[in-house]
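Each chain is listed here by its residues.
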Amino acid sequence: MSRVASNPVIIPAKVDVTLNAAEISVTGPLGTLSHTLCPNVLVERVENRLEFKVNGSSRQANAMSGTVRALVSNMVTGVSKGFEKKLALVGVGYRAQTQGDKLNLTLGFSHPVVHAMPIGIKVETPTQTEIVIKGIDKQQVGEVAAQVRAYRRPEPYKGKGVRYSDEVIVLKETKKK
C-alpha cells in the first residue's frame, strides 16, 4: 500500500464529510467541494478521520490510493482554511489592480491585460506590485496563478516579469566584449 495513503486525513470539527459509493463531498465554512472516487480505492470514515485502503493488488490501485488521499486532504484544507498564491511584479511600470472579478495588468505591452477570474477565485492587490490569489480549490488557485504568470514570465537577464513571491530567478551574465 502507498505510504501516503497509510496516513489518515483528520477531519476538523467545523468540516462535514459525506461519503457515497462513487463520490465524496466535503463542506466547511468556506464552501463545498466534491470529487468522484476511483473504484480501486476504499474510503472509510472512522470517528473524526478518513482512512484509505486499496481495493485490489494492482500497481494502479496502489498509486491511486495515495492520489485520492492527497486530493481529499487538499479538499479538507481548502474548505477549512483555503489556499492562496502570491505573485510579485518586477519591472519599471509593471502594475496590477483589481476591478470586481477582473485583474488589470500593465506589463509593458501596448495594451493593458485583463484577466477574468473564474467562479470561486478571489484576487487582491495589497500594493501595485503584489497579487494575492485565493480560493478553496488548490488546483484551480495554482492554475489561475500560472495563467497570470504566463502573461510575462521572468526573463533571465534582468528578472523582469511576473513571478511567484517565493520564486528564485537565477540571472544570466550578460555578454562581454
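Here, every reference points to the structure presented above.
Rules of the game
Residues numbered from 1 in each chain as written. Predicted model: local features only at pLDDT ≥ 70, side-chain atom pairs only at ≥ 80, totals over all residues. Heavy atoms only, no water. Helix = DSSP H or I, 4+ residues; strand = E, 2+ residues; numbered from the N terminus. Rg over C-alpha atoms; globule rule 2.2 N^0.38 Å. Buried < 20%, exposed > 50% of the residue type's maximum accessible area, 1.4 Å probe, protein only. Lys, Arg positive; Asp, Glu negative; His and termini not counted. Charge placed at Lys NZ, Arg CZ, Asp CG, Glu CD. Phe/Tyr/Trp six-rings, centres within 6.5 Å; stacked < 30°, edge-to-face > 60°. Lys NZ or Arg CZ within 6 Å of the ring centre and 35° of its normal. Pairing = 2+ DSSP bridges. Axes fitted to C-alpha atoms, helices over the stretch in contact; angles between N-to-C directions. Core = buried A, V, L, I, M, F, W, Y, C linked by side-chain atoms within 4.5 Å.

(A) Examining the overall build of the protein more closely. The helix and strand tally for the protein stands at two helices and 13 strands. Taking 16 Å as the expected radius of gyration for a compact globule of 177 residues, we find that the protein reaches 21 Å, considerably beyond that expectation. Dimensions of the protein, computed from C-alpha atoms along their principal axes, come out at roughly 65 × 45 × 25 Å. Within the protein, the fraction of its 177 residues that count as buried is 34%. Within the protein, the 15 negative side-chain charges are centred at a point lying 9 Å from the centre of the 25 positive side-chain charges.

(B) Molecular detail of the packing of aromatic side chains. Under the criterion given, the structure shown has zero aromatic pairs. Cation over ring: Arg152 sits above Phe109, and NZ or CZ is 4.3 Å from the ring centre.

(C) Here's a closer look at the sheet that holds strand S3 (residues 23–28). One open sheet holds the three strands; their spatial order is S2-S3-S4, and the pairing between them is antiparallel. The sheet is open, and its two edges are formed by strand S2 (16–19) and strand S4 (31–36), each paired on a single side. When strand polarity is set aside, the average angle formed by the axes of neighbouring strands in this sheet is 15 degrees. Examined bridge by bridge, S3 and S4 share six bridges and lie antiparallel to one another. Directly across from Gly28, in S4, lies its bridge partner Gly31.

(D) The nonpolar core, seen in detail. Counting residues in hydrophobic clusters, the biggest one holds 20 residues, and the most contacted among them are Val17, Ile24, Val26, Leu50, Phe52 and Val68. Looking at this core, the elements that each hand over two or more residues are S3, strand S5 (41–46), strand S6 (49–54) and helix H1 (59–80). Per-element tally for this core: the top contributor is H1, with five residues. The next biggest cluster of nonpolar side chains, apart from the first, holds 19 residues, and it includes Ile133, Val141, Ala145 and Val162.

(E) Main features of the sheet that holds strand S9 (residues 102–106). Here we have three strands laid out as an open sheet, ordered S8-S9-S10, and antiparallel in their pairing. Of all the strands in the sheet, just strand S8 (95–99) and strand S10 (113–116) have a single pairing partner and so form its edges. Going across the sheet, the axis of each strand differs from the next one's by a mean of 20 degrees, ignoring polarity. Relative to S10, S9 is paired through four bridges, and the arrangement is antiparallel. Counted as the bridge partner of Leu103 is His115 from S10.

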